[in-house]
Amino acid sequence: MAVAVGALLIPLSTWFFAVDRTVTEPYLDEVFHVRQAQHYCQGHFDVWDPKITTPPGLYLLSYVFSRLESFQEYIGLSHLRLVPLDCSITGLRALNAVGLILLLLVVRLSYLQRASPETSAHHSLFDHSALNIALFPPLFFFSALYYTDVWSALSVLASYCFLTTAYRDKYGHWKRGIGLLALGLVSLMFRQTNIFWVTAFPAGLVLVKELDRGHEAIRNSMHRRTQGFGDSLYSIAKTSWKMAVIYDPPVRDAQVNGTNSSLQVHHWAHPNQSPDYLLTIISITACLLSIATQPKRLASLLLALAPFLLLAASFLAFILWNGSVILGDKANHTATLHLPQMLYLWPFITFFSWPLLLPYLLFTPVILLTWLPLFSALECAQRFKRTPTLLPRLLLILLALTLTCVIIHLNTLVHPFTLADNRHYIFYIFRRLLRPWYLRYAASTLYLLCAWACIQTLGTEPTDTQLFAPTPSNLERRLPVPNGQHSARISFTLVLLATSALQLVTAPLVEPRYFILPWVFWRLHVPLRIPVWRAGRRDRGGEWSWERWWAEYDHRLWIETAWLVAINVGTGYVFLFWGFAWPQEPGKVQRFMW
C-alpha cells in the first residue's frame, strides 16, 4: 500500500503544484464552484449560484475541512501541513488531491474484499492496479482543480465497498440497510447521476443473489446442458422456476453466436441456438416470476432491496420538489434520450485501456481474414472457426452494424455546448466525426469492435488461472461479483451494462467526465494475472525470486501505467503551456482540458 501511495504522490504533487503556480485564478467551471464554496466557508448557506447544476456536497466538505484547518491552527499544528485545506483556491483544489489518494485506498480495499483466500495475503498486483485506476486521466486531471468528479467517484466506490463488506461479513439487515442508505445519500450530495450506481447497480447484484438460491449441483447441470436441466430454453426456464437457480456462465465461456458447430441440432428451443446472454435473461426472468408467487421469499427480496428502494424514492421526491433532476441552469441540462452515448463509451474505454484489450484488438482482423475463401481452408483458420467465443457470426455482426447505424441516424444529438467551446477535446472529436456526414456511420465498425473487446476482456483469464486460486472468496459465495482474478459472470456484465446505459443515455451532452464511473467499474473487475508464487502454490517451483516475480507478473499493468502517465503528461503540458486567447476576450488565457 505504501508503495502505491508513494508512486501516486510523485505525479500528483508535481501536477498539483504546477497547476497551483500556473493557474492562479479559478478556471472555467471553477469560477462557480470556488465562489460557492467560499460562501459556504463564510457560513452563507442560503446563497446559491443558479448556474450550478450539482448538489452542494463538495462545498459542504470544503466547509468541514476549513473548520479542521482552523482547529489545527488553534492547537498549534499548522506548521505540519504541506498545503492548506482552507477555502483559498489552493486549499479547495488540495481537497481533490486528498480525494484521489483516498480513492486509491478504496479501490485497493475493493480488490482485497473480493480476493480469493490464496491471493488476498499478497497484494502488490492489486496495489498496482489501484494505482492505475487513480492515474486514469479524466480523474487525475481534475485532482488539481476544484471540480466534483474525484469526490463523486470516491463516494460511489465507498458505497460499493460497504456493500461488498456487508455481504462478505454477513452484516444484519438493519446495519447493512442503514449503511447503504447513508452512503447512498452522501454520494447523491456530490452528483445526481450517482443514483444509478448506488441503487440500480447494487440492487441488480443483490437481486441476482436473492434469486439464485438453488443447489450447486443443479447449477452445474444447467451449465453442462444436461438433459432436463439445460438442454433447451424450456428446460432452463423450468429449472430456474422450480429450483431457484440462475443460468449464469462466466463471460469467458459465454457464446454470443448461439450455435455450436459440433452439434447439428436444428430446433429453435435448443440452447445451442440461443445466445448465452439471452438464456441468462430468460433464467433471471423465470426466477423473478417464480419468487412473485412465494410470499415469504418475496418479502425477503424486498427487505434486501429496501435500502435501494428508499434511495430511489428519496431521489424521486427530490425531483418532484425541484421540478427537475438538475438544480440550476435547467434549460441547458434537460434529460434526453441519447442512445449513441453507449456507442461512444467503448472507444473511450479502448483509448485508455488498450493494453488490457490488445489480444482482442489484434485477433479480430485475423479472424475476419479466416472468413475469406482464400484463407478459410488453412488449418489455423479452422482453429479460429472452432472457437466460437472469439467473434460473433457474420450475420450477427451485420445485424449489430445495422442497428448501430439506425441509432446513429435517428438519435445522434449534438448539444450546443459541444461545438461552442473549443477548449474541450470533445469539440475537435465531434467536429471531425460529423463532417463529412458518412464518418459518423463509418465509426459504427469501431464502436462494435471496441464494445466486443471490452466485454470479452471481462472474461479474460490467464493460462492455468484455475490453479492459482481454486477456492472462491467468502464474498463470491454471497454476491455475484468477480474476485479480481477470474472471469466475470454474465449476470454481473448485464448489470454493469444496464447501469452504464441508465447513466449515459439520459445525458444530452457528451463529456469524458460522464464516462468516468462506467470505466472505473469496468476496469475494477477486469481479471488480473496473479503470480503463482503469490497464490500460495509452493509446490509449483520453489521460493520467491525477482526473476520469477518479473516472469509471472501481469505485464499489461506496466504498459497501462506507462500509457496513462504519458497521457497525463501530454494533457497536463497542453493545459499549462499551450494557452491561447479568444478575440472577444483579449489578454485572458484559455486552456485545453477534458
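The shown structure was predicted, so the numbers you read here are calculated from the model rather than taken from an experiment. (Residues numbered from 1 in each chain as written. Predicted model: local features only at pLDDT ≥ 70, side-chain atom pairs only at ≥ 80, totals over all residues. Heavy atoms only, no water.)

1. Some thoughts on the overall build of the protein
And then number 1: Counting its secondary structure elements, the protein contains 25 helices and zero strands.
And then number 2: Within the protein, the fraction of its 594 residues that count as buried is 52%.
And then number 3: Of all intrachain contacts in the protein linking residues separated by at least 6 positions in sequence, the fraction that spans at least 24 positions is 75%.
And then number 4: On the protein, roughly 26700 Å² of surface is accessible, and the fraction owed to carbon and sulfur atoms is 68%. (Helix = DSSP H or I, 4+ residues; strand = E, 2+ residues; numbered from the N terminus. Buried < 20%, exposed > 50% of the residue type's maximum accessible area, 1.4 Å probe, protein only. Contact = heavy atoms within 4.5 Å. Areas by Shrake-Rupley, 256 points an atom, 1.4 Å probe, with all protein chains shown as cover.)

2. What to know about the state of the cysteines
And then number 1: For the structure shown, the criterion picks out one disulfide.
And then number 2: Note that Cys41 is cross-linked by a disulfide to Cys87, the S-S spacing being 1.5 Å. Given an S-S torsion of about -50°, the disulfide between Cys41 and Cys87 has left-handed geometry. Of this pair, Cys41 sits in helix α2 (residues 30–41) while Cys87 sits in the loop between α3 (57–74) and α4 (89–114), and the two are 46 residues apart along the sequence.
And then number 3: By relative accessible area, Cys41 is classed as buried at 13%. (Disulfide = S-S within 2.5 Å.)

3. Brief notes about the side chain of Ser240
And then number 1: Here Ser240 lies in helix α12 (residues 233–243).
And then number 2: Separated by 2.9 Å, the side chain of Ser240 and the backbone oxygen of Ile236 make a polar contact. (Polar contact = N/O pair within 3.5 Å; in protein donor to acceptor, adjacent residues only side chain to side chain.)

4. Some words on the nonpolar core
And then number 1: In this structure, Trp522 and Phe575 are the most contacted members of the largest nonpolar core, which totals 138 residues.
And then number 2: It is helix α8 (residues 149–168) that provides the largest number of residues to this core, a total of twelve residues.
And then number 3: Non-local contacts of Trp522, meaning those with residues more than four positions away in its chain, are made with Ile349, Ser353, Leu356, Leu357, Cys454, Thr457, Leu458 and Leu496.
And then number 4: Met222, Leu233, Tyr247 and Leu279 belong to the second-largest nonpolar core, a separate cluster that totals seven residues. (Core = buried A, V, L, I, M, F, W, Y, C linked by side-chain atoms within 4.5 Å.)

5. Let's talk about the pattern of salt bridges
And then number 1: Scanning all chains against the criterion turns up 17 salt bridges.
And then number 2: With its nearest N and O atoms 2.5 Å apart, the salt bridge here joins Arg213 to Glu210.
And then number 3: Taking the shortest distance from any N to any O, the salt bridge between Arg252 and Asp253 comes out at 2.9 Å.
And then number 4: Accessibility expressed as a relative area gives 35% for Arg252, which makes it partly exposed.
And then number 5: Among the ionic contacts, a cluster of salt bridges with common partners joins Asp149, Arg191, Glu511 and Arg513. (Salt bridge = Lys/Arg side-chain N within 4 Å of Asp/Glu carboxyl O.)

6. Points about the UniProt feature "signal peptide" (unreviewed entry) in the protein
And then number 1: As recorded in UniProt, the sites labelled "signal peptide" (unreviewed entry) are residues 1–24.
And then number 2: The straight-line gap between the two end C-alpha atoms of residues 1–24 is 33 Å; of that span, 88% is helix and 0% is strand. (UniProt positions renumbered as here; feature names shortened; annotations may be inferred.)

7. Thoughts on a nonpolar patch on the surface
And then number 1: A contiguous nonpolar surface patch, about 230 Å² in accessible area, is contributed by Phe45, Leu60 and Met189.
And then number 2: The class for Met189 is partly exposed, based on a relative accessible area of 33%. (Patch = residues over 30% accessible without salt bridge, like charges linked within 9 Å, V, L, I, M, F, W, Y side chains within 5 Å.)

8. Concerning the packing of aromatic side chains
And then number 1: Counting across every chain of the model gives 41 aromatic pairs.
And then number 2: Taking 4.9 Å as the distance between ring centres and 80° as the angle between the ring planes, the aromatic pair formed by Phe351 and Phe352 counts as edge-to-face.
And then number 3: Owing to a relative accessible area of 1%, Phe352 belongs among the buried residues under this scheme.
And then number 4: The interplanar angle of 35° and the centroid separation of 5.5 Å between the aromatic rings of Tyr553 and Trp558 together place this pair among those described as tilted.
And then number 5: Classification of Trp558 as partly exposed rests on a relative accessible area of 36%.
And then number 6: For the cation-ring pair, Arg591 lies above Phe575, with the distance from its terminal atom to the ring centre recorded as 5.8 Å. (Phe/Tyr/Trp six-rings, centres within 6.5 Å; stacked < 30°, edge-to-face > 60°. Lys NZ or Arg CZ within 6 Å of the ring centre and 35° of its normal.)

9. Considerations on the packing of helix α10 (residues 195–211) against helix α13 (residues 276–291)
And then number 1: In contact at an axis separation of 10 Å, α10 and α13 are set at 70° when each is read in the N-to-C sense. Judged by the angle between their axes, α10 and α13 are roughly perpendicular. Touching Leu207, Val208 and Leu211 of α10 are Ile284, Cys287, Leu288 and Ile291, all from α13.
And then number 2: Counted by class, the contact of α10 with α13 contains seven nonpolar, no polar and no charged residues. (Axes fitted to C-alpha atoms, helices over the stretch in contact; angles between N-to-C directions. Parallel < 35°, antiparallel > 145°, perpendicular 65-115°, else oblique. Nonpolar A, V, L, I, M, F, W, Y, C, P; charged D, E, K, R; others polar.)

10. Some thoughts on the environment of Tyr247
And then number 1: With respect to the secondary-structure elements, Tyr247 resides in the loop between α12 and α13.
And then number 2: Beyond its immediate stretch of four places on either side in the chain, Tyr247 contacts Met222, His223, Arg225, Ile236, Ser240, Asp276, Leu279, Thr280 and Ser283.
And then number 3: Of note is the side chain of Tyr247, whose polar atom sits 2.9 Å from the side chain of Arg225.
And then number 4: There is a polar contact of 2.8 Å between the side chain of Tyr247 and the side chain of Asp276.

11. What about helix α20 (residues 439–457)?
And then number 1: A rise of 1.5 Å per residue sets the reference length of α20, with its 19 residues, at 27 Å; its end C-alpha atoms lie 27 Å apart and thus fit the reference within 8%.
And then number 2: What α20 keeps buried is the set Ala443, Ser444, Tyr447, Cys450, Ala451, Trp452, Ala453, Cys454, Ile455, Gln456 and Thr457. (Expected span 1.5 Å × (residues − 1).)

12. Side note on the environment of Thr402
And then number 1: Tracing the backbone through its elements, the reader meets Thr402 in helix α18 (residues 394–411).
And then number 2: On a C-alpha basis, the gap between Thr402 and Tyr441 in space is 9.9 Å, while along the polypeptide they are 39 residues apart.
And then number 3: For Thr402, the side chain forms a polar contact with the main-chain oxygen of Leu398, separated by 2.8 Å.

13. Topic: the side chain of His525
And then number 1: Here His525 shows up in the loop between α23 (516–524) and α24 (546–552).
And then number 2: The exposure class of His525 is buried, given its relative accessible area of 0%.
And then number 3: Among the polar contacts listed, one links the side chain of His525 to the side chain of Tyr160, at a separation of 2.7 Å.
And then number 4: Residues within four places of His525 in sequence aside, it is in contact with Arg114, Tyr160, Leu458, Pro482 and Phe492.

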